[in-house]
Amino acid sequence: MQKACAQGRRFTFYLLDGYTQHAFSSALEPLRLANAVMGRPYYSWRLLTRDGQPARSSCGMRMAADGALASEQDGLQELDRPHMTVVCGGSAVPPADGKAEGWLRMSRRGRVPIAGLAGGLYSLARSGVLDGRRCAVHWEHFPDFSERFFETKARQTAFEIDGELYTCAGGNAPFDMFLRIVEDDLGRDVANRVCEVALSERVREAGERQRLPLQTRVGIDNRLLIDIIEQMEANIAEPLKLAEMTPSTGLSRRQVERLFKREMGRSPKRYYLQMRLERANLFLVNSTLPVFEIAVACGFSSASHFSRTYREIYGCTPQHTRTAELERRRLPSDGKEMGRTVLQERRVA
């Protein structure tokens, strides 16, 4: 734990089991570098786990904790309470934890700003602090998160700042979000010097997209084709017929089919099916929703139709995919990745 001067700010990082080192380090580094640039420890931090024992990260490394959650709950009533609470999660959905969620509600009532990184957003959402508020959710978590927590204003952005609530999708984005905090506290000059030290050429703003633009992701520049694909992405639960998507392009059905075949190597129907199955795969590996509910959310008329189609493409049943993912997460990390054949994206030819 770092020591800060009396005028500085203290952050409490609560590490969930399976948190990602990448997101955690990306959040911590702007604070550390700001101290270096300032030449004094303006920022300090304290690491907590639920029981005070070391936290195990997604890569298997263990991080020593400065204390248990109970010690911080008591500290909320003191003058030396933290200036911000940060819940660090990973790619897995964390289990419900009434103790941690109660602590977050206490923090909110005590007007302590709260931040959530990656899967840590689930803890914030379960506690109710995100109700009616904007929050940035990783695109892999987004289908499941938005289905569970419809009271939130979930967005697929890099990070969001809604008043005293800071949410981040993970990856590199925490660096941008915490640099914004440094800039608000210490000014743009300090933030720019932190960027120079970190070799960061560009800092994203709140609300910027997470993923690459569609043109880059699919490798095409045809505006008409992109328009149809965007309509497909916006209508997963209730798939549109091709005739409903073509009027805005001015192309006939046959012209669109030829365009898809030439540019994407498959028919529009096949491409749309791939998109829906990829969304279903995200639900299976990142949520506990029943298979029937996943089928409905991805535009299939029945669980049996969904399972049959999924097996044709992925070579296994939806349940097998879910079981394999749960088993993979239970295995201790030894630096060797277990084969993920059934979970890897299989292109629909």
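Residues numbered from 1 in each chain as written. Predicted model: local features only at pLDDT ≥ 70, side-chain atom pairs only at ≥ 80, totals over all residues. Heavy atoms only, no water.

S.K.: Could you clarify how one ought to interpret the nonpolar core in this entry?
M.R.: In summary, soluble globular proteins display a tendency toward joint burial of nonpolar side chains. One finds F11, F13, Y43, V86 and F178 to be the most contacted residues of the largest nonpolar core, which totals 38 residues. Per-element accounting of this core gives the leading share, 8 residues, to helix 6 (residues 173-186). The contact partners of F178, leaving out residues within four places of it in the chain, are F11, F13, A27, P30, L31, V86 and L117. Membership of the second largest hydrophobic core comes to 31 residues, among which are L225, L242, V256 and L284. (Core = buried A, V, L, I, M, F, W, Y, C linked by side-chain atoms within 4.5 Å. Buried < 20%, exposed > 50% of the residue type's maximum accessible area, 1.4 Å probe, protein only. Helix = DSSP H or I, 4+ residues; strand = E, 2+ residues; numbered from the N terminus. Contact = heavy atoms within 4.5 Å.)

S.K.: Quick question: what am I supposed to make of the pattern of salt bridges here?
M.R.: Between side chains of opposite charge, a pair can form when the charged atoms approach closely. One pass over the structure, following the stated rule, counts 17 salt bridges. For E257, the salt bridge goes to R253, with nearest N and O atoms at 3.3 Å. Of this pair, E257 and R253 both sit in helix 11 (residues 253-264), 4 residues apart, roughly one helical turn. A single salt-bridge network, built from bridges that share partners, covers R108, R133, D162 and E164. (Salt bridge = Lys/Arg side-chain N within 4 Å of Asp/Glu carboxyl O.)

S.K.: I keep staring at the pairing of strand 11 (residues 165-168) and nothing clicks. Help me out?
M.R.: A regular strand places its side chains on the two faces of the sheet in alternate fashion. Judged by which residues are buried, strand 11 turns out to be covered on both faces: L165 and T167 on one side and Y166 and C168 on the other are all buried. As defined by bridge partners, strand 7 (residues 114-117) adjoins strand 11 across 4 bridges and the pair is classed as parallel. Within the sheet, the bridge partner assigned to A115 lies in strand 11 and is Y166. In this sheet, strand 11 lies alongside strand 10 (residues 159-162) in antiparallel orientation, the contact comprising 4 bridges. Looking at the pairing, F159 lines up with C168 of strand 11. Hairpin geometry of strand 10 and strand 11 is characterised by an intervening segment of 2 residues between the two adjacent antiparallel strands and by a positive phi of about 65° at G163. (Pairing = 2+ DSSP bridges.)

This is a description of form; function is not addressed.
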